[in-house]
Amino acid sequence: MTIRLDNDKASQAVSDKRLAEFMQTNLGRLQPEAAYFSTVNGQRGGFVVFDMKEPAQMPSIAEPFFQELGAEVTFTPVMVPEDIGRGLDPGYTPPS
């Protein structure tokens, strides 16, 4: 997931000392494998790698970022090698 924060809303959250708690709470729900923060197209943002079980999770994941930080949120599904194997051959068994 890529997050690009609205500068005004994010600056206000920093000033109000809410940003760290917001991130801790919302990323805590995701239990990410990794989370990296940087600029995204010139604004505060980040990249979060987590296991999304089904697409129906997208609204509940993105909505807090939309509402609190005016964020743009992009989901990019990715696969691990075992996923590729299963996708190409439903009978695929990963090596031990």
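Structure: above.
The notes below deal with the structure included here. The model shown is predicted, which means the values in this text are computed figures rather than measured ones. (Residues numbered from 1 in each chain as written. Predicted model: local features only at pLDDT ≥ 70, side-chain atom pairs only at ≥ 80, totals over all residues. Heavy atoms only, no water.)

**Observations regarding the sheet that holds strand β4 (residues 72–74)**
- Within the open sheet, the 4 strands sit side by side as β2-β3-β1-β4. Their pairing is antiparallel. The open sheet has two edge strands, β2 (34–40) and β4, and neither has a second partner. Sheet twist, expressed as the average angle between the axes of neighbouring strands with direction ignored, equals 15 degrees.
- Of the strand pairs in this sheet, strand β1 (residues 2–4) and β4 are connected by 3 bridges, and their pairing is antiparallel. From the neighbouring strand, Arg4 faces β4, where its bridge partner is Glu72. (Pairing = 2+ DSSP bridges. Helix = DSSP H or I, 4+ residues; strand = E, 2+ residues; numbered from the N terminus. Axes fitted to C-alpha atoms, helices over the stretch in contact; angles between N-to-C directions.)

**A closer look at the pairing of strand β3 (residues 43–49)**
- Where β1 meets β3, 3 bridges bridge the pair, whose relative direction is antiparallel. Looking at the pairing, Arg4 lines up with Gly45 of β3.
- In terms of strand pairing, β2 meets β3 through 7 bridges, oriented antiparallel. Its bridge partner lying in β3, Thr39 is registered against Arg44.
- Two successive antiparallel strands, β2 and β3, enclose a turn made up of 2 residues, where Asn41 displays a positive phi of approximately 50 degrees.

**Some words on a nonpolar patch on the surface**
- Residues Met79, Ile84 and Leu88 make up a contiguous nonpolar surface patch of about 350 Å² in total accessible area.
- For Met79, the location among the structural elements is in the loop between β4 and α4 (81–88).
- The exposure class assigned to Met79 is exposed, which follows from its relative accessible area of 58%. (Patch = residues over 30% accessible without salt bridge, like charges linked within 9 Å, V, L, I, M, F, W, Y side chains within 5 Å. Areas by Shrake-Rupley, 256 points an atom, 1.4 Å probe, with all protein chains shown as cover. Salt bridge = Lys/Arg side-chain N within 4 Å of Asp/Glu carboxyl O. Buried < 20%, exposed > 50% of the residue type's maximum accessible area, 1.4 Å probe, protein only.)

**Quick word on the pattern of salt bridges**
- Under the counting rule described, the total for this entry stands at 5 salt bridges.
- Arg18 is the salt-bridge partner of Asp16, the closest N and O atoms lying 3.5 Å from each other.
- For Asp16, a relative accessible area of 39% corresponds to the partly exposed category.
- Classification of Arg18 by relative accessible area gives partly exposed; the value is 32%.
- Ionic pairing is found between Asp83 and Arg86, a salt bridge with its closest N-O pair at 2.5 Å. With Asp83 and Arg86 both in helix α4 and 3 residues apart, the pair spans about one turn of that helix.
- Connected via shared salt-bridge partners are Asp16, Arg18 and Glu68.

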